[in-house]
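Coordinate inspection notes
Each chain is listed here by its residues.
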Amino acid sequence: MAVVYDRVALIGLGLIAGSMSLAMREAGLAREVVGYARSAETRDTAREIGLVDRVTGTAAEAAEGADLVVLAVPVGAMGAVAAEIAPVLKRGATVTDVGSVKRAVVEAVAPHIPEGVHFIPGHPLAGTEHSGPRSGFASLFRNRWWLLTPVEGSDPEAVARLAGLIRAMGANVEEMDAAHHDLVLAVTSHTPHLIAYTMVGVADHLKRVTESEVIKYSAAGFRDFTRIAASDPTMWRDVFLQNKDAVLDILGRFTEELFVLQRAIRMGDGQHLHDYFTRTRAIRRGIIEAGQDTSAPDFGRSQVSGKDA
Ligand SMILES: NC(=O)c1ccc[n+]([C@@H]2O[C@H](COP(=O)([O-])OP(=O)(O)OC[C@H]3O[C@@H](n4cnc5c(N)ncnc54)[C@H](O)[C@@H]3O)[C@@H](O)[C@H]2O)c1
Ligand SMILES: O=C(O)C(=O)C[C@]1(C(=O)O)C=C[C@@H](O)C=C1
């Protein structure tokens, strides 16, 4: 494949940046991938495993002369990193980020971006519960969505070039308004993570109280919750603090629904429960029929078509 950017700088060398480096190098999309991570330990690991072509000692050193700079740190750290690299950014370069929240990142980063540099915020909808420089893999983005939330006045050519790189890594690109992104992700990613964290906390608490072995004997559904609840604490702390309004909105709706279901259980209202679960099953089937379930190959069609389908 053809080179899209001569030099790409990755600021942060964790799951997402590491996967980007591996994907770009595998497909020959950059002539040089330079990386910086805050901790010396991460930089040493990156060197040891050859994660990037060159590891630098500062973020500015990595960003200097780069054609594409990718901010791949927790969302609460984006503003400070942008401020640090701003003075060395090359005219005509593009700065993007991979943060899970968009409005707060735009507010924190955009003021630091100098005239003549393109800022195109982004978010790959792909990840795992693992983090750090050893957790990346080249196929992470394959058949996944990668949302771009260009700001007003973004240069269409710069957007198209970035979208080209992302597509060449295997992802599907869509553009979206930042506020809309945050609401959608509050529903599809952020609140579900909070619910998983809470449920695992409840089980752990119960284990201590009753001495029963809730976690040891947990069934598949709960195991999925424990995987999600093993996700990086810093990243998720920042997601909730930075997407506060949308998450609180969705959480409010969630608790209202939960109370309705709680009441149906208390009142023995089986009809309500059955109707509700029928509706939610149809949503799952809709996702699979639309071919959008790229996340769980082992949860294919057969497992959602119950005997009364
Ligand atoms: N993990 C996922 O599933 C996932 C998916 C999509 C997007 N994201 C987003 O991508 C970004 C990176 O996530 P990741 O999963 O690669 O994380 P990670 O923990 O694997 O890597 C984060 C990197 O940022 C560095 N870092 C941490 N705090 C910093 C600070 N205050 N200043 C400078 N550097 C700092 C770390 O040293 C590390 O190199 C986050 O903004 C996250 O919201 C994550
Ligand atoms: O599969 C997982 O482990 C994820 O949680 C990935 C996931 C998601 O919620 O889908 C998590 C956060 C991101 O911003 C994007 C993707």
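Being a predicted model, the structure only gives us computed values, none of them experimental.

Here's the deal with the site of ligand 2
- Every residue near ligand 2 is listed here: Ser100, His123, Pro124, Ala126, Gly127, Thr128, Glu129, Ser189, His193, Arg227, Met235 and Trp236.
- Burial of ligand 2 by the protein amounts to 81% of the accessible area it has alone, namely 370 Å².
- Only strand S6 (118-124), helix H7 (178-210) and helix H9 (233-242) provide two or more residues apiece to the shell around ligand 2.
- Considered class by class, the residues forming the shell around ligand 2 number four nonpolar, six polar and two charged.

What about the site of ligand 1?
- Near ligand 1 lie 24 residues; those nearest to it are Leu13, Leu15, Val73, Ser100 and Gly132.
- The backbone of Ile16 places a nitrogen or oxygen atom 2.9 Å from an oxygen atom of ligand 1.
- Arg38 has a polar side-chain atom sitting 3.2 Å from a nitrogen atom of ligand 1.
- With the chains in place, 85% of the 830 Å² that ligand 1 exposes on its own is no longer accessible.
- Broken down by secondary-structure element, the contributors of at least two residues to the shell around ligand 1 are helix H1 (15-27) and S6.
- Across the shell around ligand 1, the residue classes break down as 14 nonpolar, nine polar and one charged.

Observations concerning the domain arrangement of the protein
- The domain architecture assigned to the protein consists of domain 1 (5-176) and domain 2 (180-268).
- The gap between the C-alpha centroids of domain 1 and domain 2 is 29 Å.
- Listed by partner, the interface residues are 17 residues for domain 1 and 16 residues for domain 2.
- Both faces combined, the contact of domain 1 with domain 2 buries some 1300 Å², and carbon together with sulfur accounts for 64% of it.
- In this assembly, domain 1 and domain 2 are joined by one salt bridge.
- Our enumeration of links across domain 1 and domain 2 arrives at seven residue pairs in polar contact (both at pLDDT 80 or more).
- Its residues assigned to classes, the side of domain 1 that touches domain 2 comprises eight nonpolar, six polar and three charged.

Some words on the pattern of salt bridges
- Taken as a whole and judged by the stated rule, the model has 12 salt bridges.
- Here Glu26 and Arg142 are joined by a salt bridge, their closest N and O atoms 3.4 Å apart. Of the two residues, Glu26 is situated in helix H1 and Arg142 in the loop between S6 and strand S7 (145-148); the sequence distance between them amounts to 116 residues.
- Glu26 sits in the exposed class, given a relative accessible area of 58%.
- Arg142 sits in the partly exposed class, given a relative accessible area of 44%.
- Three or more residues are tied together by salt bridges with common partners; here these are Arg7, Glu32 and Arg54.

Some points on the packing of aromatic side chains
- Scanning the model with the defined rule gives three aromatic pairs in all.
- On the basis of an interplanar angle of 40 degrees and a centroid distance of 5.9 Å, the ring pair of Trp236 and Phe240 is categorised as tilted. Taken as a pair, Trp236 and Phe240 lie in helix H9 at a separation of four residues, close to a single helical turn. The burial state of Trp236 is the same as that of Phe240; both residues are buried.
- The interplanar angle of 90 degrees and the centroid separation of 6.5 Å between the aromatic rings of Tyr276 and Phe277 together place this pair among those described as edge-to-face.
- Lying over the aromatic face of Tyr276, Arg279 brings its terminal NZ or CZ to 5.1 Å of the ring centre.

Quick word on the pairing of S6
- Burial within S6 is extensive, with six of its seven residues counted as buried.
- Here strand S5 (residues 94-97) runs beside S6; their pairing, made up of four bridges, is parallel. Paired with Val95 across the bridge in S6 is Phe119.
- On the question of chirality, the crossover connecting S5 to the parallel S6 by way of helix H5 (residues 103-109) is right-handed.

A short note on the nonpolar core
- In this structure, Leu10, Met20, Met24, Phe141, Trp146, Leu148 and Met169 are the most contacted members of the largest nonpolar core, which totals 39 residues.
- Listed by contribution, the elements that provide at least two residues to this core are strand S1 (5-11), H1, strand S2 (30-36), strand S4 (68-71), S7 and helix H6 (156-168).
- Look past the residues within four positions of Leu10 in its chain and what remains in contact with it is Ala17, Ser21, Met24, Val33, Val34, Gly35, Tyr36, Val52 and Val70.
- Core analysis: the second largest hydrophobic core is formed by 33 residues, Val34, Tyr36, Ala82 and Val117 among them.

Re a nonpolar patch on the surface
- A grouping of Met199, Val202 and Phe225 is seen on the molecular surface, where their side chains present a nonpolar patch of about 230 Å² in accessible area.
- Tracing the sequence through the fold places Met199 in helix H7.

A short note on the confidence of the model for the protein
- Chain-level statistics for the protein give a pLDDT mean of 91 and a share of 93% at 70 or above.
- Across residues 295-309 the pLDDT falls below 50, and counting only partners more than four positions away or on other chains, this stretch makes 17 contacts in the model.
- Quick note on the complex model: pTM equals 0.93, ipTM equals 0.98.

Definitions and limits used
Residues numbered from 1 in each chain as written. Chains lettered and ligands numbered in written order. Predicted model: local features only at pLDDT ≥ 70, side-chain atom pairs only at ≥ 80, totals over all residues. Heavy atoms only, no water. Near = heavy atom within 4 Å. Areas by Shrake-Rupley, 256 points an atom, 1.4 Å probe, with all protein chains shown as cover. Helix = DSSP H or I, 4+ residues; strand = E, 2+ residues; numbered from the N terminus. Nonpolar A, V, L, I, M, F, W, Y, C, P; charged D, E, K, R; others polar. Polar contact = N/O pair within 3.5 Å; in protein donor to acceptor, adjacent residues only side chain to side chain. Domains from an automatic or database assignment. Contact = heavy atoms within 4.5 Å. Buried area = accessible area lost by both parts, 1.4 Å probe. Salt bridge = Lys/Arg side-chain N within 4 Å of Asp/Glu carboxyl O. Buried < 20%, exposed > 50% of the residue type's maximum accessible area, 1.4 Å probe, protein only. Phe/Tyr/Trp six-rings, centres within 6.5 Å; stacked < 30°, edge-to-face > 60°. Lys NZ or Arg CZ within 6 Å of the ring centre and 35° of its normal. Pairing = 2+ DSSP bridges. Right-handed = clockwise from strand over helix to strand, strands pointing away. Core = buried A, V, L, I, M, F, W, Y, C linked by side-chain atoms within 4.5 Å. Patch = residues over 30% accessible without salt bridge, like charges linked within 9 Å, V, L, I, M, F, W, Y side chains within 5 Å. pLDDT = per-residue confidence, 0-100.

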